[in-house]
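# Structure at a glance
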Amino acid sequence: MRRWNGWGDETIDVEMNADALGFLEARIGPGQAPTDASFEQACAAIRASRLSPHPLVDTNTSVRALHALGQSLPDWLRLRHGRLGAVPDGVAFPESADQVRALLAYAAANGAAVVPYGGGTSVAGHLTASLDQPTLCIALTRLRAMRNLDTESQLASFGAGVTGPDLEAQLRAHGYTLGHFPQSFEYSTLGGWVVTRSSGQQSLRYGRIEQLFAGGRVETPAGTLDIPTFPASAAGTDLRELVLGSEGRLGILVDATVRVTKLPDYEAFHAVFFPDWDSAQRAVRTLAQARLPLSMLRLSNAVETQTMLALAGHKRLVGVLEKWLRLRGCGEGKCMLLVGASGNKGQARAALRAAFAIARGERGVHIGKGLGERWRHNRFRNVYLRNAAWRQGYAIDTVETALDWPGVNGAMAAIEAAAAQALGEHGERVHAYTHLSHLYPQGASVYSTFVYRLAGDYETDLARWRSLKSAVSEAIVASGGTISHQHGVGADHAPWLEAEKGHLGLEAMRALFNRFDPDGRMNPGKLVLP
Ligand SMILES: Cc1cc2nc3c(=O)[nH]c(=O)nc-3n(C[C@H](O)[C@H](O)[C@H](O)COP(=O)(O)OP(=O)(O)OC[C@H]3O[C@@H](n4cnc5c(N)ncnc54)[C@H](O)[C@@H]3O)c2cc1C
């Protein structure tokens with residue numbers, strides 16, 4: 001069963017061993033295990049539903065609680081402290097587009113806001129209910145079937161509520177893959193990916209969701225928007241772009257058609273170490289611009305490399321590796337690059353050989369597949385560390401942005417510096433580290449992680465998060481980065497959107513949403529502030 005107040009399946013747990021804890025204690029001090037509210041305590045404060053009865057709407061308190069929040073740090077604080085705040089007044093699980101339309105009409109009749117709910121993995125405050133009006137949560141869970149697979153065009157159509165594992169299993173049965181693997185793969189959904197412009201770990205080969213999304217159907221308060229598929233079109237505005245990144249403001253994506261690929265017959269992940277950041281960064285830029293058919297490049301800076309090795313929990317093995325690397329010029333300050341290739345065996349291996357040759361030109365030391373394959377094995381398990389850290393009294397939060405190459409180093413330094421200072425007024429330290437998560441010929445995404453201590457009381461922990469979030473978001477926009485490369489805007493990033501879109505740009509977005517949702521009932525307060 002899924003955890004109600006943390007990440008993942010209740011039967012899966014990871015622990016932080018003594019070495020990993022010692023590493024964190026040395027940097028930010030010892031943590032103190034916080035006390036969590038029980039599910040019953042959290043539900044106790046939920047008010048009676050303000051919605052009129054409807055056969056498709058469940059107003060049971062526990063169902064409402066389970067669909068109230070996502071996975072952002074403020075969401076976790078509300079769950080862990082049993083301070084759910086506004087929760088939806090009812091949750092519906094439609095099984096067809098007709099039912100979605102009926103529910104939108106019912107919401108209008110009740111003067112209710114509508115929050116579409118995919119997998120509930122948002123980390124940007126996308127899912128919070130409205131305090132001022134009743135809220136209907138429309139969960140897409142039951143719209144999950146593959147409706148069509150056109151192998152000639154390599155297009156597959158799904159109900160938009162299909163989760164990552166379910167989607168891949170349905171495609172795999174026919175020898176295909178979508179290749180979209182965000183770290184939240186276990187629970188996030190196709191519809192959620194499209195409307196938040198998600199990016200998977202192997203987007204270098206398969207593309208971001210905007211390249212994979214070919215068309216679909218959106219039910220909006222103003223009617224149905226059908227977007228047919230074309231291999232390409234010059235017929236004016238591409239309507240897919242209205243849906244991508246719409247974050248539930250436009251309507252509900254009920255069906256999505258995606259571009260799929262034959263399952264690769266070969267896949268491998270390798271690790272390469274560089275003596276310092278500058279050589280590593282030059283190498284990945286050259287690699288991205290060489291446009292080799294690789295599937296993943298992921299470059300950790302020196303602090304992240306050190307942190308990953310420390311938290312891996314194999315002190316003796318890591319010690320041997322570090323000694324070996326030191327002899328080859330990669331000592332303190334070394335940076336780890338993970339390189340993946342998938343597809344036709346001959347092409348993938350040739351791409352890897354070419355990549356290692358480029359890396360050698362920057363003094364990169366290829367250490368083989370061991371660490372890379374270990375990363376692949378744990379790629380969806382590492383997120384469980386967030387639960388383990390919390391139990392020890394530590395919060396883990398992230399931000400991500402993307403910039404053209406000249407801005408990448410400056411943004412990384414500015415974000416980490418802002419984080420290091422952000423909790424000074426609270427008398428706390430932040431352990432900050434960064435990797436370039438997605439590499440493009442034009443630039444890179446900069447993904448920073450912050451670990452800091454929990455105070456254990458809701459108000460103080462929320463204040464710490466606010467200080468940190470606002471300091472690093474200011475640093476992002478001041479560096480010229482986008483406020484999100486892959487997590488979207490939601491409520492948490494909305495204050496910084498104008499810096500990127502400009503006044504006219506935001507007005508245009510408001511006008512667009514208003515055309516499809518004239519009463520402003522679709523996910524109010526997210527993406528574009530009133
Ligand atoms: C541990 C962790 C790791 C993550 N890793 C990644 C990553 O590697 N890459 C990445 O891109 N993101 C990542 N995310 C962020 C998150 O998984 C993505 O934003 C994802 O796309 C959200 O999908 P979801 O189905 O969970 O949507 P939800 O969280 O349920 O909803 C997100 C938004 O989309 C709207 N929505 C959902 N479905 C629909 C629909 N069918 N129609 C209209 N609106 C809809 C909701 O109203 C909401 O505004 C991660 C999150 C976590 C917690």
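Keep in mind that what you see is a predicted model, and the values were worked out from it rather than measured. (Residues numbered from 1 in each chain as written. Predicted model: local features only at pLDDT ≥ 70, side-chain atom pairs only at ≥ 80, totals over all residues. Heavy atoms only, no water.)

### Considering the domain arrangement of the protein
- Structurally, the protein comprises domain 1 (31-139), domain 2 (146-262), domain 3 (266-379) and domain 4 (383-495).
- Each of domain 1 and domain 3 has a C-alpha centre, and the two are 42 Å apart. (Domains from an automatic or database assignment.)

### Concerning the site of the ligand
- Near the ligand lie 35 residues; those nearest to it are Pro116, Gly118, Thr121, Ser184 and Thr189.
- A distance of 2.9 Å is found between an oxygen atom of the ligand and a backbone nitrogen or oxygen belonging to Gly119.
- A distance of 2.5 Å separates an oxygen atom of the ligand from a polar atom in the side chain of Ser184.
- Alone, the ligand offers 960 Å² of accessible surface; in the complex the protein occludes 97% of this.
- Among the secondary structure elements, those contributing two or more residues to the shell around the ligand are strand E3 (113-117), helix H7 (190-196) and strand E10 (252-259).
- A total of five residues in the shell around the ligand trace back to one element, the largest contributor, which is H7.
- Residues that form the shell around the ligand fall into these classes: 13 nonpolar, 21 polar and one charged. (Near = heavy atom within 4 Å. Polar contact = N/O pair within 3.5 Å; in protein donor to acceptor, adjacent residues only side chain to side chain. Areas by Shrake-Rupley, 256 points an atom, 1.4 Å probe, with all protein chains shown as cover. Helix = DSSP H or I, 4+ residues; strand = E, 2+ residues; numbered from the N terminus. Nonpolar A, V, L, I, M, F, W, Y, C, P; charged D, E, K, R; others polar.)

### Concerning the nonpolar core
- In this structure, Leu171, Leu190, Val243 and Leu436 are the most contacted members of the largest nonpolar core, which totals 112 residues.
- Ignoring sequence-local partners within four residues, the contact set of Val243 consists of Val194, Val195, Phe213, Val218, Leu225, Ile227, Leu250 and Leu253.
- If you look at the next biggest cluster of nonpolar residues, it comprises 18 residues, including Ala92, Tyr106, Leu143 and Val254. (Core = buried A, V, L, I, M, F, W, Y, C linked by side-chain atoms within 4.5 Å. Buried < 20%, exposed > 50% of the residue type's maximum accessible area, 1.4 Å probe, protein only. Contact = heavy atoms within 4.5 Å.)

### Thoughts on the state of the cysteines
- A full pass over the atoms with the stated rule returns zero disulfides.
- Considering cysteine sulfurs only, Cys43 is the nearest to Cys137, which forms no disulfide, with 15 Å between them.
- Counting only cysteine sulfurs, Cys330 is the nearest neighbor of Cys335, a cysteine outside any disulfide, at a range of 9.0 Å.
- Its relative accessible area of 0% is what places Cys335 among the buried residues. (Disulfide = S-S within 2.5 Å.)

### So, a positive patch on the surface
- The grouping of Lys345, Arg349, Arg353 and Lys369 at the surface amounts to a positive patch.
- Inspection of the secondary structure puts Lys345 in helix H14 (residues 345-361).
- Residue class for Lys345 comes out partly exposed when judged on its relative accessible area of 43%. (Patch = residues over 30% accessible without salt bridge, like charges linked within 9 Å, V, L, I, M, F, W, Y side chains within 5 Å. Salt bridge = Lys/Arg side-chain N within 4 Å of Asp/Glu carboxyl O. Lys, Arg positive; Asp, Glu negative; His and termini not counted. Charge placed at Lys NZ, Arg CZ, Asp CG, Glu CD.)

### A few points about the packing of aromatic side chains
- In this structure the tally under the stated criterion is six aromatic pairs.
- Here the aromatic rings of Trp76 and Trp390 are separated by 5.3 Å at their centres, their planes lie at 65°, and the arrangement is edge-to-face. In this pair, Trp76 sits in helix H4 (residues 73-80) while Trp390 sits in helix H16 (residues 385-391), placing the two residues 314 residues apart along the sequence.
- Taking relative accessible area as the criterion, Trp390 reaches 2% and is therefore assigned buried.
- Site record: aromatic cluster; members linked through ring pairs are Phe181, Phe185 and Phe380.
- Positioned above the aromatic ring of Tyr187, the side-chain terminus of Arg2 is 4.1 Å from the ring centre.
- Lying across the ring of Phe23, Arg27 places its NZ or CZ 3.7 Å from the centre. (Phe/Tyr/Trp six-rings, centres within 6.5 Å; stacked < 30°, edge-to-face > 60°. Lys NZ or Arg CZ within 6 Å of the ring centre and 35° of its normal.)

### Quick word on the sheet that holds E10
- On the basis of which strands lie adjacent, the open sheet formed by five strands has the order E5-E6-E10-E8-E9 and antiparallel pairing. Unpaired on one side and paired on the other, strand E5 (146-150) and strand E9 (223-227) mark the two borders of the sheet. Along the sheet, successive strands turn relative to each other by an average axial angle of 10°, direction set aside.
- Pairing of strand E8 (residues 213-220) with E10, which is carried by six bridges, proceeds in the antiparallel orientation. Within E10, the residue paired with Gly216 across the bridge is Ala256. (Pairing = 2+ DSSP bridges. Axes fitted to C-alpha atoms, helices over the stretch in contact; angles between N-to-C directions.)

### Structural notes on the side chain of Ser445
- Structurally, the position occupied by Ser445 is in strand E18 (residues 443-453).
- Assessed through its relative accessible area of 0%, Ser445 is described here as buried.
- Here the side chain of Ser445 touches Ser437 through a polar contact of 2.5 Å, side chain to side chain.
- In this structure, Ser445 is in contact with Thr401, Ala402, His435, Leu436, Ser437, His438 and His485, ignoring residues within four places of it in sequence.

### What to know about unusual backbone geometry
- The phi dihedral of Gln154 falls on the positive side, at around 55°, and the residue is not glycine.
- For Gln154, the location among the structural elements is in the loop between E5 and strand E6 (155-159).
- In this structure, Leu527 takes a positive phi of about 65° despite not being glycine.
- Structurally, the position occupied by Leu527 is in the segment after helix H19 (498-516).

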